[in-house]
Amino acid sequence: MKFKLFNPLYLFTLTLFVASCSSDDDGGDTSENIEKSAVIENYANLVYQSYLDSYTGAVSLQTAVDVFIETPTDANFTAAKTAWLSARDIYGQTEAYRECNGPVDTENEAWSVGNEGQLNAWPIDESYIDYVASGTEAYAGSFTSIISDTTVTIDEATLASLNEETTDKSISTGWHAIEFLLWGQDNTLPSEDLPGQREYTDYTTADDADRRADYLQAATDLLVNDLNALTTTWAPNGAYRTVFEALDEDVALKQFINGAFFIAGDELSSERIIAPVDSTDGIDGLGQEDEHSCFSDNTHKDIWANAQGVYNVVFGAYGNVSGDSFYDLVKEKDAAQAEKLKDAADEAMEKVNAIANNSEPFDYLIALENSTDANFGVVMQSVVALQDWADEISASATVIGINL
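Residues numbered from 1 in each chain as written. Predicted model: local features only at pLDDT ≥ 70, side-chain atom pairs only at ≥ 80, totals over all residues. Heavy atoms only, no water.

Trainee: Tell me about the overall build of the chain, and name the residues and values.
Mentor: When helices and strands are counted, the chain shows 14 helices and two strands. Against the compact-globule benchmark of 22 Å for 404 residues, the chain has a radius of gyration of 21 Å, which places it among compact chains. Once the C-alpha set of the chain is aligned to its principal axes, its extents read approximately 65 × 50 × 35 Å. Sorting the 404 residues of the chain into buried and exposed places 55% on the buried side. Sequence separation of at least 24 residues holds for 77% of the intrachain contacts in the chain that already meet a minimum separation of 6. Within the structure as shown, the chain displays about 16000 Å² of accessible surface, and the carbon and sulfur contribution to it stands at 47%. (Helix = DSSP H or I, 4+ residues; strand = E, 2+ residues; numbered from the N terminus. Rg over C-alpha atoms; globule rule 2.2 N^0.38 Å. Buried < 20%, exposed > 50% of the residue type's maximum accessible area, 1.4 Å probe, protein only. Contact = heavy atoms within 4.5 Å. Areas by Shrake-Rupley, 256 points an atom, 1.4 Å probe, with all protein chains shown as cover.)

Quick look at the structure:
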């Protein structure tokens, strides 16, 4: 257990997240034979709609940023941060489309978009982008920032070219670059339950205010364009949608099931939860520098959104899109295994929601646990449940003749 100076209770209420995990939500109709082609088509519709919603959310963020830059008041700054948080919830659910040999993280095919790292790379050395508080260089990095270096042109193309140019933490684009520009460093103790405290005056009277505004606007515009590219390629008759629908059915199924398996069993459980639990980066070595949305303290919602994205894929439902699903295929072949898959999914969502709706912030919770503890707390309990869910996804894939 990581040492904490003190442990006061801060009582606050988070909005409850509505996760599609009731026992009645079993996906499509299983009274007739389930066609693999219908499952594949429903998945493609789900991907397109969620990318479209993510793009729409990013456009709302872009509008809020433009308003703030035009009229830089504290109220408009808050509105831009609120828009980021809203858009982030939607994007987080699209992470389940990674590791599917699809356009977001494939780079060498004619249909590749390959912009996942440009959209969502983390953790970042924030000093690569802008100033950091003196004395925080040990975990924030000590670059000559892009904003302070007036020889660097600030536009979309330049920011894209600089992304991960020096190290894998020299990140200049995407959700977390924008997050840092809106919230600034989180230099408070986790027990204080405060995100970064950047003032709106960083965009009015502070040094490099104009370049900072240019950066925020360019990074947001690039985010919008990246999401538009993914939406367009997954649209009906889109470049990748056409490729995907022409795949052998078992190949298409394996690809999208693998994305759900990867997020639950590796990326979310290991990289996004275990890594910050065991990290010693950040204030007093408490690890918050390695949580996913460390500047806004939004990691609890990132975890929920990523898990919800896996749930969407397994059960074939998102928003107004629903139909035959992977779960339905499994249930038709082996009802007992389907029940195991459903139980594991519901258990994982219950444990994830215990983080999302917790009275304590995520960066405080991770300071109370290590991955080697004899008795796991709420955070590591979610890891166990997510990895168990991934095991059942793999076992369920085998039932329909697919080996992950």
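There's plenty left to go through after this.
Trainee: Could you give an account of the layout of surface pockets, naming the residues involved and the relevant values?
Mentor: Here the second largest pocket is characterised by a volume of approximately 210 Å³. For the second largest pocket, the full set of lining residues is Arg98, Glu116, Asn120, Ala121, Trp122, Pro123, Asp168, Lys169, Glu267, Glu271, Arg272 and Ala275. At the level of secondary structure, the elements contributing two or more residues to the lining of the second largest pocket comprise α3 (116–120) and α9 (249–278). By residue number, the principal contributor to the lining of the second largest pocket is α9, which donates four residues. Per-class residue counts for the lining of the second largest pocket are four nonpolar, one polar and seven charged. (1 Å grid on protein atoms, 1.4 Å probe; cavity = no way out; pocket = protein on both sides within 12 Å on 5 of 7 lines; lining within 4 Å. Points joined across faces, edges and corners; volume = space filled by probe spheres on them. Nonpolar A, V, L, I, M, F, W, Y, C, P; charged D, E, K, R; others polar.)

Trainee: Go over a negative patch on the surface with me, naming the residues and quoting the values.
Mentor: On the surface, Glu35, Asp248, Glu249 and Glu332 cluster together into a negatively charged patch. Relative to the helices and strands, aspartate 248 is located in the loop between α8 (239–245) and α9. (Patch = residues over 30% accessible without salt bridge, like charges linked within 9 Å, V, L, I, M, F, W, Y side chains within 5 Å. Salt bridge = Lys/Arg side-chain N within 4 Å of Asp/Glu carboxyl O. Lys, Arg positive; Asp, Glu negative; His and termini not counted. Charge placed at Lys NZ, Arg CZ, Asp CG, Glu CD.)

Trainee: So what's going on with the packing of aromatic side chains? Which residues, and what values?
Mentor: Under the counting rule described, the total for this entry stands at 20 aromatic pairs. Linked through ring pairs, Tyr43, Tyr51, Tyr97, Trp111, Trp234, Tyr240, Phe244 and Phe256 together constitute an aromatic cluster. Sitting over the ring of phenylalanine 180, arginine 198 keeps its end group 5.0 Å from the ring centre. The ring of phenylalanine 315 has lysine 342 lying over it, and the distance from NZ or CZ to the ring centre is 5.7 Å. (Phe/Tyr/Trp six-rings, centres within 6.5 Å; stacked < 30°, edge-to-face > 60°. Lys NZ or Arg CZ within 6 Å of the ring centre and 35° of its normal.)

Trainee: Describe empty space enclosed by the protein, with residues and values.
Mentor: Scanning all chains against the criterion turns up five cavities of 30 Å³ or more. In this structure, the largest cavity occupies an estimated 50 Å³ of space. Considering the residues around the largest cavity, the lining is formed by Tyr43, Tyr97, Cys100, Gly102, Pro103, Trp234, Tyr240, Phe244, Gln255 and Phe256. Here the lining of the largest cavity is built from residues that sort into eight nonpolar, two polar and no charged.

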